[in-house]
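So you can see what is in the structure, the chains are spelled out below.
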Amino acid sequence: MTSSTLLPKILLAVLKGQPKALQDSHYPVWHLAPATGLLNDPNGFIHFQGRFHLFYQWNPLGCQHNHKCWGHWSSADLLHWQHEPIALMPEEEYDRSGCYSGSAVDNQGELTLCYTGNVKFAEGGRTAWQCLAVQNAEGGFDKSGPVIALPEGYTGHVRDPKVWRHENQWYMVLGAQDLALRGKVLLLRSDDLHHWQLLGEIAGSGLGGLGESGYMWECPDLFTLGAETFLICCPQGVAREARRFLNTHPSAYLSGTFSPEQATFEHGALHELDAGFEFYAPQTTLSSDGRRLLVGWMGVPDGEEMRQPTIAQGWIHQMTCVRELSSRDGKLYQQPVRELQALREDEHRFAGRGDDAPVIDARSLELWVESEGELTLNFGNTLILHWHKNQLRLDRRSLENGEWLSRYWEGEARVLQILCDSSSVEIFINEGAGVMSSRYFPSHPAQITVSGSGELRAQYWSLRPCM
Ligand code: FRU
């Protein structure tokens, strides 16, 4: 075993940083967040031998996007997560600039990680290797090295393998950028995870009737739900519209018909997956009872992230709650995973005018609201939800210049399920037809002040801390 030079530094960073992070009033009490440092994409989400495993992009040494390792948590119930040995550190030639995102599979009882070894050159430019690592008896991972080099016809931006098994073969979708600088999703096939054949591009900018749709597609994930196949992806550089794709980098999906044999995916238009301010790089897995579960990064790689106040406490970003997916008419529905209901305590109800509603403690909350009138939900003057005539607009003060920025949901909102945890809000609209996920940094205790002449019916609980 070679000795790691990073590991002692990581240990020290965690020993010093974790107590500080845990004291921060913005640190979540039931969402996953880094012990210290920066967290981004969920990786390797899998149900394996009776437990859920969730890996994550982690820089334990600071709040910048450097030194990307794979942290690792596991859980039996999707509520209580325990730390596992750090899974991957960027210490080989082929992953020296970061062990980038990827997925996990059960390879005949061996938990196997498929990830991108990212290599940046001093003189500029980069390359990428798709690599494997297999779990050992101590719960750590032994790297087996690269299995896919940069395919011809693409720049060094090829990453984020999502691998699954179908009829005795392994398939992979991979994010890529072609030489004309258009984002693509590649499909590959293998008998043994080690030898891969590139089958072609199944979606991307300029394909399938999409037109120009971005310069790089990150973090693809392909799965079937009911009669439909969905491809989730993060197309960077998609044009902003008046009310959609307003984040610097959006998260989106396509639905359609997938043929692994012909390596084709016939799909419709690009849909936004979450209409809030922070949501990116989601990944899904199957639970043992057949539910398709999703978890996302409640962050976006943009300039604004580095202004978040938690950086002063040595940590930044968190995951979304785990969500259950379903499909209706080619659209993806997302609802909080049902296990979360076990955290409910202290139930309250209210019916009446918005102006007469009580102030609601929003530190750790699940709130259901039905209304058709004029309502405003004010989260400590830093985030305000306007709900007028079934239209939703979420306003937030920019951390950069204090200006109010808006996000919209394009539909008629009848019922909202709102989850709050310290510095995050997830608004589920019409039983999952839409979601808006956002961070905000209130002075605590976080509260929601309701106002407006509209009538509402509300039911709410505090959620018991479980992390
Ligand atoms: C998405 C992403 C991935 C990459 C990882 C690096 O947020 O840029 O494409 O693998 O983050 O941390």
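Residues numbered from 1 in each chain as written. Predicted model: local features only at pLDDT ≥ 70, side-chain atom pairs only at ≥ 80, totals over all residues. Heavy atoms only, no water.

*Asks:* How should I be thinking about the overall build of the chain in this particular structure?
*Replies:* The secondary structure content of the chain amounts to one helix and 34 strands. Its C-alpha atoms give the chain a radius of gyration of 22 Å, within 12% of the compact-globule value 23 Å for 467 residues. Seen along its three principal axes, the alpha-carbon backbone of the chain occupies a region of about 65 × 50 × 45 Å. Once local pairs closer than 6 in sequence are excluded, the contacts in the chain between residues at least 24 apart make up 56%. Surface exposure of the chain reaches about 18600 Å², of which carbon and sulfur atoms provide 47%. Taking the 38 positively charged and 56 negatively charged side chains of the chain as two groups, their mean positions are separated by 4 Å. (Helix = DSSP H or I, 4+ residues; strand = E, 2+ residues; numbered from the N terminus. Rg over C-alpha atoms; globule rule 2.2 N^0.38 Å. Contact = heavy atoms within 4.5 Å. Areas by Shrake-Rupley, 256 points an atom, 1.4 Å probe, with all protein chains shown as cover. Lys, Arg positive; Asp, Glu negative; His and termini not counted. Charge placed at Lys NZ, Arg CZ, Asp CG, Glu CD.)

*Asks:* Explanation requested: the sheet that holds strand S1 (residues 37-48) in the structure shown.
*Replies:* Read from one edge to the other, the open sheet built from five strands follows the order S4-S3-S2-S1-S20, with strand pairing classed as mixed. Edge positions in the sheet fall to strand S4 (81-83) and strand S20 (315-316), since each has one partner strand and no second. For S1 and strand S2 (residues 51-59), the ladder comprises seven bridges, and the chain directions are antiparallel. Each residue of the ladder has a partner; that of His47, found in S2, is Phe52. (Pairing = 2+ DSSP bridges.)

*Asks:* Can you help me understand unusual backbone geometry in this one?
*Replies:* With the exception of glycine, the majority of residues adopt a negative phi angle, and the majority of peptide bonds are in the trans configuration. Even without being a glycine, Leu193 presents a positive backbone phi close to 75°. Looking at where Leu193 falls in the secondary structure, it is placed in the loop between strand S11 (183-190) and strand S12 (196-204). On the accessibility criterion, Leu193 (1% relative accessible area) is buried. One non-glycine residue with positive phi stands out, namely Cys219, at about 45°. With respect to the helices and strands, Cys219 occurs in strand S13 (residues 216-225). (Buried < 20%, exposed > 50% of the residue type's maximum accessible area, 1.4 Å probe, protein only.)

*Asks:* Sorry if this is basic, but what is going on with the sheet that holds strand S24 (residues 360-361) here?
*Replies:* Paired through backbone hydrogen bonds, the strands of a sheet run either parallel or antiparallel to each other. The strand order across the open sheet formed by six strands is S24-S33-S26-S27-S28-S29, and the pairing between neighbours is antiparallel. Edge positions in the sheet fall to S24 and strand S29 (404-409), since each has one partner strand and no second.

*Asks:* Hey, could you run me through the side chain of Ser438 in this one?
*Replies:* Relative to the helices and strands, Ser438 resides in strand S32 (residues 434-439). Here the side chain of Ser438 touches Phe277 through a polar contact of 3.0 Å, landing on its backbone nitrogen. When neighbours within four sequence positions are excluded, Ser438 is seen to be in contact with Gly276, Phe277, Glu278, Met298, Leu383, Leu394, Arg396, Ser423, Ser424 and Val425. (Polar contact = N/O pair within 3.5 Å; in protein donor to acceptor, adjacent residues only side chain to side chain.)

*Asks:* Would you mind showing me how to read the pattern of salt bridges here?
*Replies:* Here the idea is simple: oppositely charged side chains can pair when their charged atoms come close. Inspection of the entire model under this criterion finds 24 salt bridges. Residue Arg291 pairs with Glu339 through a salt bridge whose shortest N-O separation is 2.8 Å. Separated by 48 residues along the polypeptide, Arg291 in the loop between strand S18 (280-286) and strand S19 (292-297) and Glu339 in the loop between strand S22 (331-336) and strand S23 (344-353) bring together distant segments of the chain. Exposure remark for Glu339: the relative accessible area of 23% places this residue in the partly exposed category. (Salt bridge = Lys/Arg side-chain N within 4 Å of Asp/Glu carboxyl O.)

*Asks:* Can you help me understand the site of the ligand in this one?
*Replies:* Close contacts around the ligand come from Asn40, Asp41, Gln57, Lys68, Tyr100, Ser101, Arg159, Asp160, Glu218, Cys219, Tyr280 and Trp297, and that covers them all. Asn40 is positioned with one of its side-chain polar atoms (N or O) 3.0 Å from an oxygen atom of the ligand. A distance of 2.9 Å separates an oxygen atom of the ligand from a polar atom in the side chain of Glu218. When the ligand sits alone it has 320 Å² of accessible area, and the protein chains cover 92% of it. Elements represented by at least two residues in the shell around the ligand include exactly S1, strand S5 (99-107), strand S9 (154-166) and S13. Looking at the shell around the ligand, its residues break down into four nonpolar, three polar and five charged. (Near = heavy atom within 4 Å. Nonpolar A, V, L, I, M, F, W, Y, C, P; charged D, E, K, R; others polar.)

*Asks:* Looking at this structure, how should I read the confidence of the model for the chain?
*Replies:* Note: predicted coordinates in regions of low pLDDT should not be interpreted at a detailed level. Per-residue confidence for the chain averages 97 on the pLDDT scale, and 100% of its residues sit at or above 70. In the model output, the complex is listed with pTM 0.97 alongside ipTM 0.99. (pLDDT = per-residue confidence, 0-100.)

*Asks:* Please explain helix H1 (residues 6-23) as it appears in this structure.
*Replies:* Side chains of residues three or four places apart in an α-helix project in the same direction, reflecting 3.6 residues per turn. With 18 residues, H1 should cover 26 Å at 1.5 Å per step; its first-to-last C-alpha distance of 26 Å lies within 8% of that length. Helix geometry: H1 is bent most strongly at Gly17, by close to 35°, with proline Pro19 lying one to four residues after it. Summarising the contacts, the buried residues of H1 are in contact with S2, strand S3 (69-75) and S20. (Expected span 1.5 Å × (residues − 1). Bend = angle between axes of the 7 residues up to and from the residue.)

*Asks:* I'm lost on the environment of Gly276 in this one. Help?
*Replies:* Structurally, the position occupied by Gly276 is in the loop between strand S17 (271-272) and S18. With a relative accessible area of 2%, Gly276 lands in the buried category. As for Gly276 and Pro19, which are separated by 257 residues in sequence, their C-alpha atoms are 30 Å apart. Apart from residues lying up to four places away in sequence, Gly276 is in contact with Asn247, Arg407, Val435, Met436, Ser437 and Ser438.

*Asks:* In this structure, what is going on with the environment of Glu272? I would like to understand it.
*Replies:* The residue Glu272 is located in strand S17 in this model. Sequence separation of Glu272 and Trp409 is 137 residues, and the distance between their C-alpha atoms is 10.0 Å. In this view, Glu272 contacts Arg244, Phe245, Leu246, Pro250, Ser251, Ala252 and Tyr253; residues no more than four positions away in its chain are not counted. Separated by 3.0 Å, the side chain of Glu272 and the backbone nitrogen of Phe245 make a polar contact.

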